[in-house]
Amino acid sequence: MIKQEKILITGANGQLGSVLAKRLQEKHGVNNVVATDIVADEDFVGNFEILDVLDFERLKSIVIQNEITQIYHLAAILSASGEKHPKRTWDINTKTLFNVLDVSVIQNVNKLFFPSSIAVYGTNAPKINTPQSYELTPTTVYGISKVAGENWAKYYFDNYDLDIRSVRYPGVIGHQTLPGGGTTDYAVDIFYKAINETNFECFLSKNTTLPMIYMDDAIRATIELMDAPKKSISIRTSYNIAGMSFSPEELTYAIQKIYPNFKTLYKPDFRQKIASSWPSSIDDSVAKKDWNWNPLFGIDEMTKIMIEELKLKQKTKLQKT
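Let me begin by describing the structure that accompanies this report. (Residues numbered from 1 in each chain as written. Predicted model: local features only at pLDDT ≥ 70, side-chain atom pairs only at ≥ 80, totals over all residues. Heavy atoms only, no water.)

A full pass over the atoms with the stated rule returns two cavities of 30 Å³ or more. There is about 60 Å³ of room inside the largest cavity. Lining the largest cavity, in full, are His73, Ala75, Ala76, Asn93, Leu97, Phe114, Ser145, Lys146 and Gly149. Broken down by secondary-structure element, the contributors of at least two residues to the lining of the largest cavity are helix H4 (86–106) and helix H5 (141–160). Ranked by residue count, the leading element in the lining of the largest cavity is H5, at three residues. Grouping the constituent residues of the lining of the largest cavity by class yields four nonpolar, four polar and one charged. Taken as a whole, the second largest cavity holds about 30 Å³ of empty space. Around the second largest cavity, the lining residues are Asn93, Thr94, Leu97, Phe98, Ser145, Ala148, Gly149 and Trp152. Looking at the lining of the second largest cavity residue by residue, the class counts come to four nonpolar, four polar and no charged. (1 Å grid on protein atoms, 1.4 Å probe; cavity = no way out; pocket = protein on both sides within 12 Å on 5 of 7 lines; lining within 4 Å. Points joined across faces, edges and corners; volume = space filled by probe spheres on them. Helix = DSSP H or I, 4+ residues; strand = E, 2+ residues; numbered from the N terminus. Nonpolar A, V, L, I, M, F, W, Y, C, P; charged D, E, K, R; others polar.)

We now examine a nonpolar patch on the surface. Among the surface-exposed residues, Val105, Trp152, Tyr155 and Tyr160 lie close enough to one another that they form a single nonpolar patch of about 370 Å² accessible area. With three residues, H5 is the single largest residue contributor to the nonpolar patch. Position of tyrosine 155 among the secondary structure elements: in helix H5. Exposure remark for tyrosine 155: the relative accessible area of 40% places this residue in the partly exposed category. (Patch = residues over 30% accessible without salt bridge, like charges linked within 9 Å, V, L, I, M, F, W, Y side chains within 5 Å. Areas by Shrake-Rupley, 256 points an atom, 1.4 Å probe, with all protein chains shown as cover. Salt bridge = Lys/Arg side-chain N within 4 Å of Asp/Glu carboxyl O. Buried < 20%, exposed > 50% of the residue type's maximum accessible area, 1.4 Å probe, protein only.)

Turning our eyes to something else, we now look at the packing of helix H6 (residues 186–195) against helix H11 (residues 299–320). One can describe the packing of H6 onto H11 by two numbers: an axis separation of 10 Å at closest approach and a directional angle of 60°. Looking at the two axes, H6 sits oblique to H11. In the crossing of H6 with H11, the sense of the turn from one axis to the other is right-handed. Here H6 contributes Phe191, Tyr192 and Ile195 to the contact with H11, which in turn contributes Met302, Thr303, Met306, Ile307, Leu310, Lys311, Lys313 and Gln314. (Axes fitted to C-alpha atoms, helices over the stretch in contact; angles between N-to-C directions. Parallel < 35°, antiparallel > 145°, perpendicular 65-115°, else oblique. Left-handed = near helix turned anticlockwise from the far one by under 90°. Contact = heavy atoms within 4.5 Å.)

On to the side chain of threonine 184, then. As for its placement among the helices and strands, threonine 184 is situated in the loop between strand E9 (171–173) and H6. Taking the relative accessible area as the measure of exposure, threonine 184 reaches 9% and is therefore buried. Apart from the residues within four sequence positions on either side, threonine 184 is in contact with Gly171, Val172, Leu210, Met212 and Trp278.

With that out of the way, let us pick up the pairing of strand E1 (residues 7–10). If a strand is regular, its side chains alternate between the two faces of the sheet. Burial of the side chains of E1 extends over both faces: Ile7 and Ile9 are buried on one face and Leu8 and Thr10 on the other. For E1 and strand E2 (residues 33–37), the ladder comprises three bridges, and the chain directions are parallel. Bridge pairing in E2 places leucine 8 opposite valine 34. Taken together, E1, helix H1 (residues 15–28) and E2 form a β-α-β motif whose crossover is right-handed. By the bridge criterion, four bridges tie E1 to strand E4 (residues 70–73) in an arrangement that is parallel. Within the sheet, the bridge partner assigned to isoleucine 7 lies in E4 and is glutamine 70. (Pairing = 2+ DSSP bridges. Right-handed = clockwise from strand over helix to strand, strands pointing away.)

Printed below as a string of structure tokens:
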């Protein structure tokens, strides 16, 4: 008889965690998923625990009490927010990972998911079709912490046989939550302006092309990687995954197919320097080979869904007031 998986998610209130929690509940059952964050989510349906992942003993207690077999460690400070408090970002992003790694080894957790990012690449990397294996020289503390995390993930696999898996997320675009402090957040915020028929002020230049991924593809990639046979996993740092690549100008054009009068104004700020150090497109052929990764959403499909879902959310909110 196959043992029922018991899932723990850290950072469950975030853009990715809030959606992933629901998908994992659908897959494993509501009672078999424990969502955690530093503040409560009053709207969460299911098991929710307050957890600061810096608190090793609290983390260990939750893992033991709930007989956790898999951990999705999503708690982190993102790129743009991280540059405001570099040392704090380093402490939170690395110390929490160590706590999760050590608890997983001590308590024999079967699998651990650690999210990395395209922020691991630096200005020296090829901008187009950036390869899986290349020198990593990030320009942000967020990227530095992710490179360190990737290497520690491989170390714990090599030395403790901890089955830790990872993907390098591009910018994630979803309608479920508001942006959370990332450099690619413009690609979420822009849709809120579009449905309200107001102009959008973009903090990146119009031709800054970056890799992006629609939320449904990001979640599916995460779960498919975790479900893949252990023998199929050849990358023990982090896999490149790609969805689509576009610039703010190209996204504006996609929105104008639905809102012809919509306009974007460009006022680049400190985030432009971060974005300029990142790839424009990603080579994810290794993920495709190892666990059959394949994105399903392009810019036009994503734009249509984002606008429909945000308009519905707005209408529902108005009806409740």
